[in-house]
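These are the residues of each chain, in order.
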Amino acid sequence: MTQTRAYRVCPLCEAGCGLEITLSGDRVEKIRGDQQHPMSQGFCCPKGIALKDLHTDPDRLRTPMIKENGSFREAGWDEALRLVESNLARIREESGNDALALYLGNPNTHTMAGGLFIRPLVKALRTKNFYSASTVDQMPKMAACGWIYGNPGRIPVPDVDRTDLFVVFGANPFVSNGSLMTAPDFPGRVRALQARGGQMIVIDPAETRTAQAADRHLFIRPGTDVYMLCAIIHVLFAQELVSTRHLADLIDPGDIADLKDAVSEWTPAAAESVCRVPADEITRLARQIAEADKCAVYGRMGTSTVRHGTLCSWLIEAVNILTGNLDRQGGTGFARPAHVPDGSIPKKGFATGRWHSRVSGAAEVAGELPAALMAEEMETPGDGQIRSLITIAGNPVVAVPESQRLDAALAKLDFMVCVDYYINETTRRADVILPPASLLCHGHYDFFFHGLSVRNFAAYSPPVLEKAPGEKDKWEILAHLTHIASGRGAAADPGQVADQILGGLAENLIRAMGGPEKAGVTRDDLIGMLSGRRGPERILDFLLRIGPYGDNFGLKPDGINFDRLSASPHGMDLGPLSSWIEKALATPDGKIHLFPQQLRSAMAQIKTPARTGRPEKRTLELIGRRHLRTNNSWMHNIPALSKNNPCTLQVHPDDAGALGLENGDFAEITSDAAGICAPVEITEQIMPGVVSLPHGWGHDMEGVQMRVASQNPGVNTNRLTPGEVDWLSATAVLNGIAVAVAKS
Ligand SMILES: Nc1nc2c(c(=O)[nH]1)N[C@H]1C(S)=C(S)[C@@H](COP(=O)(O)OP(=O)(O)OC[C@H]3O[C@@H](n4cnc5c(=O)[nH]c(N)nc54)[C@H](O)[C@@H]3O)O[C@H]1N2
Ligand SMILES: Nc1nc2c(c(=O)[nH]1)N[C@H]1C(S)=C(S)[C@@H](COP(=O)(O)OP(=O)(O)OC[C@H]3O[C@@H](n4cnc5c(=O)[nH]c(N)nc54)[C@H](O)[C@@H]3O)O[C@H]1N2
Ligand code: SF4
Ligand SMILES: [Mo]
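Residues numbered from 1 in each chain as written. Chains lettered and ligands numbered in written order. Predicted model: local features only at pLDDT ≥ 70, side-chain atom pairs only at ≥ 80, totals over all residues. Heavy atoms only, no water.

This brings us to the pattern of salt bridges. Within this structure, the stated rule accounts for 42 salt bridges. Between Glu 20 and Arg 5 there is a salt bridge; the shortest N-O distance is 3.4 Å. One end of the pair, Glu 20, is in strand β2 (residues 18–24); the other, Arg 5, is in strand β1 (residues 3–9), and 15 residues separate them in sequence. When its relative accessible area of 53% is taken as the criterion, Arg 5 is described as exposed. A salt bridge links Arg 73 to Glu 79; the nearest nitrogen and oxygen atoms lie 2.6 Å apart. When its relative accessible area of 26% is taken as the criterion, Arg 73 is described as partly exposed. When its relative accessible area of 33% is taken as the criterion, Glu 79 is described as partly exposed. Taken together, the salt bridges that share partners define one network made up of Arg 90, Glu 94, Arg 387 and Asp 414. (Salt bridge = Lys/Arg side-chain N within 4 Å of Asp/Glu carboxyl O. Helix = DSSP H or I, 4+ residues; strand = E, 2+ residues; numbered from the N terminus. Buried < 20%, exposed > 50% of the residue type's maximum accessible area, 1.4 Å probe, protein only.)

Below you can see the structure in the form of structure tokens.
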């Protein structure tokens, strides 16, 4: 059979590498990096190549599943959707909107359906109980940027390709391939930085692969970056190194003075006593940041999912602002994605706490409540108790704190429906599972990550394969759920939801143009000009046309539209980050809010060193890690990715000696939440006093139907994670957990 080639962007992680897929008919022969993709230039990782195995995995669900008498059976779509409809309607009727909860997992951000079809579903559900993986991940950065720049989506990215000094707090992009920073082939980009005389400095309690490649690595005690960042800012002020350059007119001088006061106690020596980073190293780093011509300071999981994650995320922005590196070539900047029209983000600022969680009173952040508190909302009787859960592309039983407690709460729900490919730790609790067609059967455009790219870029990948008869696109499943939630029922045409999204966009545009008469066109005229399949593609065409590079419905004949983008199978390079802060800011006064009011009292209260759990009993601090061949919890069923089990407890030799542990011993790890066992790996790559376990494991739970993963299950580190929340951003504390370790 003749072979054909298809090109598509990998939908697995934020790097968004281009892939070249060789097919014989509908059989995938080979996947490799796409040499002609302008961003990744042939780079890809083992997970991208394994998309082939994901497609053929016999455990991947191909039809809806319905649970009957405790076990799953295959079912048709009509039956499954009708069952969802009748149960959700019944529960809502009996207990109100808040009885239906929604949890969205990470892969939603990697699909066109997630980018466009979640919002109507959330609106139709009208529940306060909306949760997502964001609150075990990046919400601190979203909240901080929301307050500083006016919108939680306005997140600056480091201009790694043009910087002189790249400072990384708590991220491991050599393994994660970057997060809130789309930069495929991160190692190649760092090599280029070093080759042009630049440096990378990493601050991390582990000597990760990123740290090993760095010019300098500083070990830091988990959860204490907030103090080190305060000390860096202290030095900037004390040594008169503050220079806001082109940003000066955008910052209230009062904010600068107040920030100076707020960090006045945090001398490098004071920070050293908490962080265990030598004071002279802190001073040296602060000077280097200030003196570099171009510098970008960046932080990720290790500065987000920690006790003062929101403050850390804000202080990192503050360092970039105080040194005039924000919105500057080689510093940090706002990407300008092709589908977001300039001015479409309203300049109304960012507020949280529009409602609160019922049991703990946690403030809503960006519409969400803390995923760490889902269990208590299910367990606690009363008005608004969660009785039913919809999960979409998520595995909260593995991803969120106090896993065993959440798992027990799920078991008691009245009804649960999961949109997912597998019967895993979470979906085994479902009454109905709705699987989308294979990842290779969907069109792809990165609605989220083009806005976080270190270079402006756009790519549309058409489906590589036709979906099998009877399979459904993700967007169709979400549209069905939206119809169900809005009372139109399981049988309604999913295309109507797509039409409504499009109609809404077109009406907004006409309104912004002063009405149809002034605009000279109607919404239907505009919609009639669009191409692309009914569904996400046609909506994308609309957004591209009115976006910053768009053809403006023919007014700018050289501009982008869906057809033109589709005609570039390797994507379109749209140039380096440009300086456009005045337009990008979404604060009502058009200014940068350097020291947001919302953070002032938290800043005044950071005196106590970060530590979760009972330190007197638990002398070690637990952090997490990622491995190249994993993707959170869900790709351990691919044999090629599961050859070695990296789910070990890393312990420093000094601690191992004191505890009498040897390589390969089993250790019992105990936190305030639970106790688990894991094999010991003794390594100097972890700092003394700290131990590390990867997350995403623990596939030996009864009922999991992932044969490869279950043979090599690992342990679920989130059993150990107590449900502590950084209230400012509703985000769980996942790192720096106090634990005791003993030979088991
Ligand atoms: N291979 C692979 N890639 C992935 C994923 C995966 O599971 N596997 N997951 C994807 C997802 S969803 C995300 S969000 C990204 C995350 O991307 P990253 O944030 O780059 O990845 P992590 O490995 O979580 O890196 C966090 C680092 O913080 C360190 N750390 C822990 N506590 C602290 C602390 O208190 N202070 C400091 N300074 N450092 C600390 C850890 O040692 C670790 O090296 O990765 C994405 N990419
Ligand atoms: N202790 C600790 N806990 C952590 C972390 C940590 O570093 N340490 N990291 C946190 C982070 S950053 C994240 S993002 C979360 C991840 O938490 P989640 O997003 O809740 O979990 P995942 O493991 O990513 O599971 C994704 C699920 O989506 C399914 N899936 C994959 N693709 C699709 C799709 O296209 N459509 C549908 N419908 N389903 C799909 C998979 O089968 C899988 O069941 O975990 C968090 N938990
Ligand atoms: S680095 Fe990420 S985007 Fe690139 S191939 Fe690997 S999983 Fe896919
Ligand atoms: Mo994540």
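Bringing the sheet that holds β1 into the picture now. Overall, antiparallel pairing links the three strands, which are arranged β1-β2-β3 in an open sheet. Looking along the sheet, the strands with just one partner apiece sit at the ends: β1 and β3 (27–33). Adjacent strand axes in the sheet meet at a mean angle of 25° when their direction is disregarded. Summarising the sheet, β1 and β2 pair through seven bridges and their orientation is antiparallel. For Tyr 7, the partnering residue across the bridge sits in β2 and is Glu 20. (Pairing = 2+ DSSP bridges. Axes fitted to C-alpha atoms, helices over the stretch in contact; angles between N-to-C directions.)

Next up on the list: unusual backbone geometry. One non-glycine residue, Arg 245, adopts positive backbone phi at about 45°. Judged by its relative accessible area of 33%, Arg 245 is partly exposed. Not every positive phi belongs to a glycine, and Asp 327 is a case in point at roughly 60°. Mapped onto the fold, Asp 327 is located in the loop between α14 (309–322) and β13 (332–333). For Asp 327, a relative accessible area of 3% corresponds to the buried category.

With that settled, consider the domain arrangement of the protein. Examined at the domain level, the protein breaks down into domain 1 (144–339 + 580–605) and domain 2 (614–743). On a C-alpha basis, the centroid separation for the pair domain 1 and domain 2 is 28 Å. Opposite the 27 residues of domain 1 that make contact, domain 2 presents 21 residues. Note on domain 1 versus domain 2: buried area summed over both sides is about 1900 Å², and carbon and sulfur give 58% of it. On the domain 1 side of the interface with domain 2, the three residues burying the most area are Pro 222, Thr 305 and Arg 307, jointly 27% of the side's total. Counting every contact that joins domain 1 to domain 2 gives two salt bridges. Arg 221 is the salt-bridge partner of Glu 621, the closest N and O atoms lying 3.1 Å from each other. (Domains from an automatic or database assignment. Contact = heavy atoms within 4.5 Å. Buried area = accessible area lost by both parts, 1.4 Å probe.)

On inspection of all chains with the given rule, the structure shows seven cavities of 30 Å³ or more. What the largest cavity holds in volume is close to 130 Å³. Lining the largest cavity we find 16 residues, and of these Thr 111, Met 112, Ala 113, His 442 and Gly 443 sit closest to its centre. Among the secondary structure elements, those contributing two or more residues to the lining of the largest cavity are α4 (112–125), α18 (474–485) and α22 (536–546). For the lining of the largest cavity, the class distribution of residues is six nonpolar, five polar and five charged. Estimated volume of the second largest cavity: approximately 90 Å³. For the second largest cavity, the full set of lining residues is Cys 10, Leu 12, Cys 13, Ala 15, Gly 16, Cys 17, Phe 43, Cys 44, Cys 45, Lys 47, Gly 48 and Asn 177. Split by residue class, the lining of the second largest cavity holds eight nonpolar, three polar and one charged. (1 Å grid on protein atoms, 1.4 Å probe; cavity = no way out; pocket = protein on both sides within 12 Å on 5 of 7 lines; lining within 4 Å. Points joined across faces, edges and corners; volume = space filled by probe spheres on them. Nonpolar A, V, L, I, M, F, W, Y, C, P; charged D, E, K, R; others polar.)

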